[in-house]
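One letter stands for each residue in the lines below.
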Amino acid sequence: MKTFDSQGDSRKLQIDPLNMCPPIGAIYAALGIHACLPHSHGASGCCRFQRMELSKHFQKIIRVTSSMLLESSAIFGGEENLRTAVNNAFQVYSPEVLAIHTTCLSETIGDDVGGIVKNLDVPASRRIVYASTPGYAGSPLTGYASMLEAIIRQIPARREKKIKKLLLLPGMLNPSDIGEVARYAGLFFDQLTVLPDVRGVLDWQTPRNVREYAPGGTPLAEIISLGACSDAIALGAEATAAGASALAELNITAAQLTVPVGIEATDRFIESLCRRSARKVPDSIKAERTRAVDVLMHLHPTLYHKKAAIFCDADLAVPLTEFLAGIGMLPVFVCTGFAQKAFMDSIRAIFERYHIDGIVLSQADRYDLEQFLRETPVDILIGGSRGKILSRKLGIPLLRFGFPVIDRPLEYLYPYTGYRGCLYLLQKILCTLQDFAEQDTLAEDLHIAESF
Amino acid sequence: MRQIAIYGKGGIGKSTTVQNLAAALAENGRKLMVIGCDPKSDCTRLLQGGCARKTVLEEMRSNPQGVKLEDILHEGCFGIRCVESGGPEPGVGCAGRGIITAINLLEELGAYDKSLDYVFYDVLGDVVCGGFAMPIREGKAHEIYIVASGELMSLYAANNIAKGIARFANTGDVRVGGIICNSRLVDGEQKLVDTFAQELGTHTISSIPRDNIVQHAEIHRQTVITYAPDSVQAEIYRSLGTALENNTTFTIPTPLTQERLEELFMDSIQFNNKY
């Protein structure tokens, strides 16, 4: 196995980190509940920047309230602020659910948010959930995982009568991807809950009236009766494993899968749906798969042994690496910011299986990526918008993928998951490569038609 | 599994008391874990025969993703499981956050084995921030014992700590199980501490007389239970163990006012009529 060290051990600082902080994921998860207002228990600057990141990705207003902790709160504790904030939030914004997450500050001063929440006056039929999400520990996926686990532990009623219903934990995916995985699930299960579900929230205009909420999101009633679900599938271990294991309290055993990006990962998803629903795979899915494989076979020569460097969240990086390796590309460098140990193991297993002499790094930064790319040029860079500077500096085309994509609109509307997502991803890869290949060609030398 | 937190003024004898108490209980067949919640990481020295190898936080620092339970959970005398949270050196960082992080990790690693009879949290003397209240948050310690002597400052500190505890007790399940009087040979000490305990809404669960054998044992890095098992002091720690096991007095503390506290002391010396 190749090793790589951009002065790793002697370098104690991160240069242009690859991930944002956990509260962003916590906010994302919270927004997937219908009429939910995320609340940041921290100083004002915190949620401001986190909202901006989501705003830029979805090009819309994101509403998050803040405890507005001041210096006095840092010294005397943030309880008073939190109480006032919660009261105000319910009065002014009237959410059905208030989802509180903590920040670096509130975690360091050690505010016992759970204890504080227990003694708050919650208006009837409203709920509060709270999650511990210190900004210095983890990635957005970590924060998402904590909030999802909190929702599952704190809202559902115990002892629900079971019905044949699937609980789908899609992880931190774009609304269109949630749509795809829900669509597949819907072909196997008549009853389905997607938790959390940002469709109709993040891909929907924010209502002008601050007391109104977008129509989407998992309804509170469905979350309360979560225990009625007979089966569960969780996508993306970093985002959903904690929530999945919390389902044990509701007597639900969840299958933990990778996010279904690529043929193999989608196959595994379909297989799991098939087994759990005891239904046959419908012809429509078979047709989709056939088309995807056909197209793949056709395009394969053009992509064969094209090298890729991937820098995105762990849950997406794993299936993406698997897919690219599977279609004959060479994902020679895979890096992410904070990730759990399983991430490294998963990528190494893929390298081994496809005999790829690749490098995988976690706790990496863009400086690592740059050092690698200077040594080993690749044909395509796959990750978020912040890679564009490296892309330009080093003359490598960038395929915008994952979170956040903040310099091109509507990226979140196109799914990369599922068999149709494969085709879209393939198209994007090839178009990116082709655009790049043509960019310096003189007008008179351009070919009108290209064959792939 | 009973989870018990021990608080009290710095230097009053919490760690000494906890370790001797733990040894007494374990000698009697109980399965215990002692979690040191003090950046000085000196809470299990007598149980392990010396200041421990790596603390939880040190281990996390050098090996962020790969800490295993066996790296931080060490077996001391009588099979007592010992953990030291550790923390920053004086004047830097945030020890309170360290406690939160360490205890979270212990939970994640499955240190809270259901087969344990007792988990003791030995907490740093000055409970100066939220982190030091981590052991008494929801789902952790349900019982608190405050170690105090008859000295004014010691009871003042105990009273102060009780204010913080009252807040957690009012919103959760944690209760005060009693005051452990660690004697400093103060005039009228017993009565003073008893009265204080009573007004605080609890009782003196046990009184430990001052005995140099405890210091000797400490220098030899042992509890009195192993150093001098047949001594009177060892027997006293065993009685403390019994008292703890059979304790049924669990209350929400009612902290005294400053005036009342000083009055108690004034009454005490006047009663003793020394000066």
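What comes next is a walk through the structure. Since the model is a prediction, treat every value here as computed from it, not as a measurement.

## Quick look at the overall build of chain A
Next, step 1: Tallying secondary structure elements over chain A gives 17 helices and 13 strands in all.
Next, step 2: Relative to the 2.2 N^0.38 estimate, which gives 22 Å for 452 residues, the radius of gyration of chain A is 22 Å and therefore close to what a compact globule would have.
Next, step 3: With the principal axes as the frame, chain A shows a C-alpha extent of 70 × 55 × 45 Å.
Next, step 4: A buried classification covers 57% of the 452 residues belonging to chain A.

## Examining the packing of helix 8 (residues 175–186) of chain A against helix 17 (residues 418–438) of chain A
All names here are of chain A.
Next, step 1: Contact geometry for helix 8 and helix 17: axes closest at 9 Å, N-to-C directions at 145 degrees. Taking contact as the criterion, the partners of Glu 180, Arg 183 and Tyr 184 in helix 8 are, on helix 17, Gly 418, Tyr 419 and Arg 420.
Next, step 2: Considering only residue class, the contact of helix 8 with helix 17 consists of two nonpolar, one polar and three charged.

## A word on the interface of chain B and chain A
Next, step 1: Taken together, the contact between chain B and chain A spans 13 residues of the former and 17 residues of the latter.
Next, step 2: A buried area of about 1100 Å², summed over both sides, lies between chain B and chain A, and 40% of it is on carbon and sulfur atoms.
Next, step 3: Considering only the side of chain B, the residues that lose the most area to chain A are Gln65(B), Arg97(B) and Thr171(B), jointly responsible for 52% of the buried surface there.
Next, step 4: The interface formed by chain B and chain A holds four salt bridges in total.
Next, step 5: Between Arg167(B) and Glu79(A) there is a salt bridge, with the nearest N and O atoms lying 2.8 Å from each other.

## Thoughts on the nonpolar core
Next, step 1: Counting 127 residues, the largest nonpolar core has Leu273(A), Leu324(A) and Phe343(A) as the members making the most contacts within it.
Next, step 2: Within the second largest apolar cluster, 54 residues are counted, among which are Ile72(B), Tyr112(B), Met134(B) and Ala162(B).

## Details of helix 14 (residues 341–353) of chain A
Residues and elements named next belong to chain A.
Next, step 1: End to end, helix 14 covers 19 Å across 13 residues, agreeing with the expected 18 Å (1.5 Å per residue, within 8%).
Next, step 2: Those residues of helix 14 not exposed but buried are Phe 343, Met 344, Ile 347, Ile 350 and Phe 351. For helix 14, the buried positions fall inside an angular range of 130 degrees around the axis, keeping them on one side.
Next, step 3: Looking at the buried side of helix 14, the elements it contacts are helix 10 (237–246), helix 13 (314–326), strand 10 (330–335) and strand 11 (359–361).

## Thoughts on the pattern of salt bridges
Next, step 1: By the definition in use, this model includes 38 salt bridges over all chains.
Next, step 2: Between Glu149(A) and Arg153(A) there is a salt bridge, and its shortest N-O distance comes to 2.9 Å. With Glu149(A) and Arg153(A) both in helix 7 (residues 140–154) and four residues apart, the pair spans about one turn of that helix.
Next, step 3: The exposure class of Glu149(A) is partly exposed, given its relative accessible area of 22%.
Next, step 4: Note that Arg81(B) is salt-bridged to Asp113(B), the shortest N-O span being 3.3 Å. Residue Arg81(B) is found in strand 4 (residues 81–84), and its partner Asp113(B) is found in the loop between helix 5 (95–108) and strand 5 (118–123); the two are separated by 32 residues along the sequence.
Next, step 5: The network of salt bridges with common partners includes Glu149(A), Arg153(A), Arg158(A) and Glu249(A).

Cut-offs used in this document
- Residues numbered from 1 in each chain as written.
- Chains lettered and ligands numbered in written order.
- Predicted model: local features only at pLDDT ≥ 70, side-chain atom pairs only at ≥ 80, totals over all residues.
- Heavy atoms only, no water.
- Helix = DSSP H or I, 4+ residues; strand = E, 2+ residues; numbered from the N terminus.
- Rg over C-alpha atoms; globule rule 2.2 N^0.38 Å.
- Buried < 20%, exposed > 50% of the residue type's maximum accessible area, 1.4 Å probe, protein only.
- Axes fitted to C-alpha atoms, helices over the stretch in contact; angles between N-to-C directions.
- Contact = heavy atoms within 4.5 Å.
- Nonpolar A, V, L, I, M, F, W, Y, C, P; charged D, E, K, R; others polar.
- Buried area = accessible area lost by both parts, 1.4 Å probe.
- Salt bridge = Lys/Arg side-chain N within 4 Å of Asp/Glu carboxyl O.
- Core = buried A, V, L, I, M, F, W, Y, C linked by side-chain atoms within 4.5 Å.
- Expected span 1.5 Å × (residues − 1).
- Arc of directions from axis to C-beta.

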